[in-house]
Amino acid sequence: MQAFFIFFMGSGQYLCGILYLRDVKEYSLVKLHIFNPENDLALADGNYNYCPPPAARAIAHDLATLPLWYAGAGDAVLLQCERHNLFCNAMNGLFPLALPLRPGSLREADTCLPWGWSAQVKRRLLAMGVSENVLPGDGFIAAVRSLSNRQTAIGLLQSLRDEGIDTPELPQYYTSFDDIAQFITSMPRSVLKAPWSGSGKGIAWGIGRVEVPVEHFCKGVIRRQGGVVCERFLDKVVDFAMEFKAVQGEVAFAGYSLFTCDGSVYSGNILASDAAIEDFLVRFVERAVLQAVKERLSAELSARLRPIGYSGYLGVDMLVYRSQGGAFRLYPCVELNLRMNMGAVSRIFYDRYAACGVTGRFVVANFRNRGEALQFHERCSSEYPLKVCDGRVVSGYLNLSPVAEETSYLAYAIVCKGPVSLHELYECK
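Note that this is a predicted model, so its numbers are computed, not measured. (Residues numbered from 1 in each chain as written. Predicted model: local features only at pLDDT ≥ 70, side-chain atom pairs only at ≥ 80, totals over all residues. Heavy atoms only, no water.)

K.L.:
Can you help me understand helix H3 (residues 82-92) in this one?
P.N.:
Looking at H3, one finds that the buried residues are His84, Asn85, Phe87, Cys88, Met91 and Asn92. Angularly, the buried residues of H3 cover 160 degrees about the axis, an arc narrow enough to put them on a single face. (Buried < 20%, exposed > 50% of the residue type's maximum accessible area, 1.4 Å probe, protein only. Helix = DSSP H or I, 4+ residues; strand = E, 2+ residues; numbered from the N terminus. Arc of directions from axis to C-beta.)

K.L.:
Before we go on, may I ask you to explain the sheet that holds strand E7 (residues 190-193) in this structure?
P.N.:
Within a sheet, adjacent strands bond to each other through the backbone by hydrogen bonds, running parallel or antiparallel. The antiparallel open sheet is built from four strands, whose spatial order is E6-E9-E7-E8. Every other strand in the sheet has two partners, leaving strand E6 (172-174) and strand E8 (203-206) as the edge strands with one partner each. Strand-to-strand twist of the sheet, defined as the mean angle between neighbouring strand axes without regard to direction, takes the value 25 degrees. Relative to strand E9 (residues 228-232), E6 runs antiparallel, the two being bridged by three bridges. Paired with Tyr173 across the bridge in E9 is Val229. (Pairing = 2+ DSSP bridges. Axes fitted to C-alpha atoms, helices over the stretch in contact; angles between N-to-C directions.)

K.L.:
I would appreciate a short explanation of the packing of helix H6 (residues 150-162) against helix H10 (residues 287-305) in the present structure.
P.N.:
Running from N to C, H6 and H10 point in directions that differ by 135 degrees, and their axes come no closer than 10 Å. Put simply, H6 runs oblique to H10. The handedness of the crossing between H6 and H10 is right-handed. Across from Thr152, Gly155, Leu156, Ser159 and Leu160 in H6, the residues of H10 making contact are Arg296, Leu297, Glu300, Leu301 and Arg304. The residue inventory of the contact of H6 with H10, partitioned by class, reads four nonpolar, three polar and three charged. (Parallel < 35°, antiparallel > 145°, perpendicular 65-115°, else oblique. Left-handed = near helix turned anticlockwise from the far one by under 90°. Contact = heavy atoms within 4.5 Å. Nonpolar A, V, L, I, M, F, W, Y, C, P; charged D, E, K, R; others polar.)

K.L.:
Quick question: what am I supposed to make of the packing of aromatic side chains here?
P.N.:
The geometry of an aromatic ring pair is captured by the separation of the ring centres together with the interplanar angle, meaning the angle of the planes. On inspection of all chains with the given rule, the structure shows 20 aromatic pairs. Ring centres of Trp205 and Phe233 lie 6.4 Å apart, and the angle between their planes is 70 degrees; this geometry places the pair in the edge-to-face category. Of this pair, Trp205 sits in strand E8 while Phe233 sits in the loop between E9 and strand E10 (235-247); the two residues are 28 residues apart in sequence, bridging distant segments of the chain. With relative accessibility at 41%, the residue Trp205 sits in the partly exposed group. The class for Phe233 is partly exposed, based on a relative accessible area of 27%. Taken together, the ring pairs in this structure connect Trp69, Phe95, Phe349 and Tyr353 into an aromatic cluster. Lying across the ring of Phe233, Arg189 places its NZ or CZ 3.8 Å from the centre. (Phe/Tyr/Trp six-rings, centres within 6.5 Å; stacked < 30°, edge-to-face > 60°. Lys NZ or Arg CZ within 6 Å of the ring centre and 35° of its normal.)

K.L.:
Teacher, can you tell me more about the pairing of strand E12 (residues 265-271) here?
P.N.:
The pairing of strand E11 (residues 250-262) with E12 spans four bridges and is antiparallel. Looking at E12, one finds that Cys261 is bridged to Tyr266. If you look at the hairpin formed by E11 and E12, you'll find two residues sitting between the two strands, and Gly263 has a positive phi there, around 75 degrees.

In structure tokens form, the structure reads like this:
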């Protein structure tokens, strides 16, 4: 069953939603999942009353069902409209997802698991009726924000280097534009990043000279966030990540994420087993190096997260690049995503719902014009018919979020019919 609620948020705005519960017959309390993809923006802003832009609100609405694919048994998932309810019911006919068996209320939640933590989402949950007793304190929120700064990734990179793991030249953090300008002009190409940003946003490119748009970008970031992270441009070959899961700050490796980007913006993941992804990566990086990075990052992340008792998923983005001499080298810590992320979602989706040994793609697509998403969905459903056996996808197209005429963002998976190598999938990105 479902519990519908409406909350007045002030300024003429209302927040409404539906709480769907998995099978909780044996549970008196539940874990509440909520999809708040604006979290990186909220961390950058830092204020509890942050209001996300329309595009972020559209993603949050259209992909609100995403936690259904990674929520645990007995968990609750916060959805936003009847269309999401219908989608939930339809998917339950194929997979063991959320089962709305009894009504619940937000006050039943004993644990809240948003996509990511910020002052803004804490305030939102309080306004929705979640008990303050089950929400983290302001000190925890401040610590998560501090650790989400790109300077943490620089510290992790230094720790890996100290352990003898080969790394590229360390990024630099500058608070003065004069220093940034000197960095830009010291090399042919460079990358300039806001300390708090994500999903390929908050980035500018240096081309050996200071241009007006880059100057405006850097000075704006310094004004809002205090400084800019500057690093040498690298000839990227492969994007991937190591996913981790923390329980009260104790961090363990949770799987690989092999992902693709459109420019610098995330576009999707390759669906494959962990073993297959590692076999793909060892074409570029020695297996022993990957293992050393896993172990060192687990220890370093535990040391940082144990004091705040962080629990949940997190990811460390990495890349393989080609050195000036033509050799492949590993950049073992591009950034830390201290939150749930699409790589972790795709990893969990594959392990739970994909047939053994298959390969495919997990994609988050943006459609600019009304009706395009629905047309795409109908075409893919026809061209790649879904085949499910014993609750696992054998082949075909599966939308992971509902689709309507007004849909702008769609998450979906396509599992290949027949054997397709990861090299072929990645090269055809």
